[in-house]
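Examining the three-dimensional arrangement
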Amino acid sequence: MRVLLAGATGVIGRALLPLLRGERHHVTVLVRDQAAAAELDVDRVVVADLLDRHAVHAAVFSAAPEVVVHQATALRPGTGDTRWEVFERTARVRTEGTANLVDAALASGTRRVVAQSIAFATAPHGGPLLDEEAPLYLDPPDAVWSTTVRAIAELERLVLHTSGIEGVVLRYGTLYGRDTAYDLNGPFGQAVRLGKLPLIGDGTGINSFLHVEDAADAAATAVMSRATGLFNIVDDDPATARTWLPHYARAFDGPHPRQVPAELGARLLGWFAAHQQTRLRGASNRKAREQLGWRPGVSSWRNGQRLCLVGAGR
């Protein structure tokens, strides 16, 4: 099929592109900078900033895709960027950028849009595993996370409820593997090796992890599937922080994480880190298995701890 991929130079996009090429799809990548696509194996490159409506429409019309795959974020910080600026820019990509991409897809006759969301944006109620009916956490006591989740909610609304578009939203779990934050050289990997990532509170928050290559595989599956709707894309082994964090530290030959009170953990690492380790609920991948026909290649973060978390791939 003719596929337009936005976000091809990101962590998931780089893993997804060879899968699309392997299926012999005609792949056009949409990038902000032509130079960014210089080494990509693609059929065509179109240039547009997702926040520029006219440029996005022109790019999508010229590509004439049957399927648009939206994996774009703006999470890679620039020189001097604050944490707020990074998340605010990504929120705009997820709201204005998604609106531009969906509108252009609809106007150009594209039938299907596949977009990324996050499984750990749900409200900390119920559980321990939540399905796709769980509400998003729209009113957290943190401005950055509130901005992030509200942007995710708008992305999901645009993709799933635009008449004339077959919408698929993939709620990815916490990504690990090559070039992610949990890679050996990522911020979490480095913090664990240096003993700077403590266990916060009782550590009963539940994380659902996902290898980055499995995220790409889910997107490739969604391109070909007839299924529509919202899907949790996570592995089969949700784990509490008091389980995964010491295991992670051992895999990186780091010291055993020290335990700190929840209030101190929030002050040291921020609200979200404390929420992740103390209140987060896990996600069920049952719907993705049954309706999308996807299952994780790495069923548990434990199976390939050294192989996957260090970033060596599978």
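Computed from a predicted model, the values in this text were never measured in an experiment. (Residues numbered from 1 in each chain as written. Predicted model: local features only at pLDDT ≥ 70, side-chain atom pairs only at ≥ 80, totals over all residues. Heavy atoms only, no water.)

Comments concerning the sheet that holds strand β7 (residues 166-172)
Taking strand neighbours across the sheet as the criterion, the seven strands line up as β3-β2-β1-β4-β5-β7-β12 in an open arrangement whose pairing is parallel. Strands with a single pairing partner mark the edges of an open sheet, and in this sheet they are β3 (44-47) and β12 (229-233). Strand-to-strand twist across the sheet, computed as the mean angle between neighbouring axes with direction ignored, equals 20°. Where strand β2 (residues 26-31) lies against β3, four bridges are found, and the strand directions are parallel. Its bridge partner lying in β3, Thr28 is registered against Arg44. Here helix α1 (residues 11-22) sits on the sheet in contact with β1 (2-6), β2, β4 (67-70), β5 (112-118) and β7, set at roughly 170° to β1. Together, β1, β4, β5, β7 and β12 form the strand contacts of helix α6 (residues 212-224), whose direction differs from that of β7 by roughly 170°. (Pairing = 2+ DSSP bridges. Helix = DSSP H or I, 4+ residues; strand = E, 2+ residues; numbered from the N terminus. Axes fitted to C-alpha atoms, helices over the stretch in contact; angles between N-to-C directions. Contact = heavy atoms within 4.5 Å.)

Observations concerning the packing of α1 against α6
Between α1 and α6, whose axes approach to 8 Å, the crossing angle comes to 50°. Classed by the angle they form, the pair α1 and α6 counts as oblique. For α1 against α6, the interelement crossing comes out right-handed. Listed contacts from α6 to Val11, Ile12, Ala15, Leu16, Leu19 and Leu20 of α1 are Val212, Ala215, Ala216, Asp217, Ala219, Ala220 and Val223. Among the residues making up the contact of α1 with α6, the classes are represented as twelve nonpolar, no polar and one charged. (Parallel < 35°, antiparallel > 145°, perpendicular 65-115°, else oblique. Left-handed = near helix turned anticlockwise from the far one by under 90°. Nonpolar A, V, L, I, M, F, W, Y, C, P; charged D, E, K, R; others polar.)

Overview of helix α2 (residues 53-63)
Looking only at α2, the buried set comprises Val56, His57, Ala59, Val60 and Ala63. Considered in projection along α2, the buried side chains sweep an arc of 165° and stay on one side of the axis. One or two residues past the end of α2 sits Ala64, with phi positive at roughly 50°. (Buried < 20%, exposed > 50% of the residue type's maximum accessible area, 1.4 Å probe, protein only. Arc of directions from axis to C-beta.)

Quick look at the nonpolar core
Counting residues in each nonpolar core, the largest one holds 34 residues, and the members touching the most others are Val29, Leu170 and Ile233. When contributions to this core are tallied by element, the ones reaching two or more residues are β1, α1, β2, β4, β7, α6, β12 and α10 (286-292). Top element by residues in this core is α6. It accounts for eight residues. Setting aside residues up to four positions removed in sequence, Ile233 forms contacts with Leu170, Arg171, Tyr172, Gly173, Leu210, Asp214, Ala218, Ala288, Leu292 and Trp294. Among the nonpolar cores identified, the runner-up in size contains 25 residues, and Leu30, Val60, Ala72 and Leu155 belong to it. (Core = buried A, V, L, I, M, F, W, Y, C linked by side-chain atoms within 4.5 Å.)

A closer look at the environment of Ile206
Relative to the assigned elements, Ile206 resides in strand β10 (residues 206-207). With relative accessibility at 15%, the residue Ile206 sits in the buried group. The sequence separation of Ile206 and Thr228 amounts to 22 residues, and the corresponding C-alpha distance is 27 Å. Sequence-distant contacts of Ile206, that is, excluding residues within four places in its chain, are made with Pro128, Pro238, Ala239, Thr240, Gln276, Leu280, Arg281 and Gly282.

Some words on the packing of aromatic side chains
Scanning the model with the defined rule gives 14 aromatic pairs in all. Counting every residue linked through ring pairs, the aromatic cluster contains Tyr176, Tyr182, Phe188, Phe209, Trp244, Tyr248, Phe252 and Trp301. Sitting over the ring of Phe231, Lys287 keeps its end group 5.0 Å from the ring centre. (Phe/Tyr/Trp six-rings, centres within 6.5 Å; stacked < 30°, edge-to-face > 60°. Lys NZ or Arg CZ within 6 Å of the ring centre and 35° of its normal.)

Notes on the pattern of salt bridges
Summed over all chains, the structure comprises twelve salt bridges. For Asp43, the salt bridge goes to Arg21, with nearest N and O atoms at 2.5 Å. With a gap of 22 residues between them, Asp43 in the loop between β2 and β3 and Arg21 in helix α1 connect regions that are remote in the sequence. Note on Asp43: relative accessible area 38%, which makes it partly exposed. On the basis of relative accessibility, which here comes to 25%, the residue Arg21 falls in the partly exposed class. A salt bridge links Arg286 to Glu290, with the nearest nitrogen and oxygen atoms 2.9 Å apart. Of this pair, Arg286 and Glu290 both sit in helix α10, four residues apart, which is roughly one turn of the helix. In terms of burial, Arg286 and Glu290 fall into one category: exposed. The network of salt bridges with common partners includes Arg21, Asp41 and Asp43. (Salt bridge = Lys/Arg side-chain N within 4 Å of Asp/Glu carboxyl O.)

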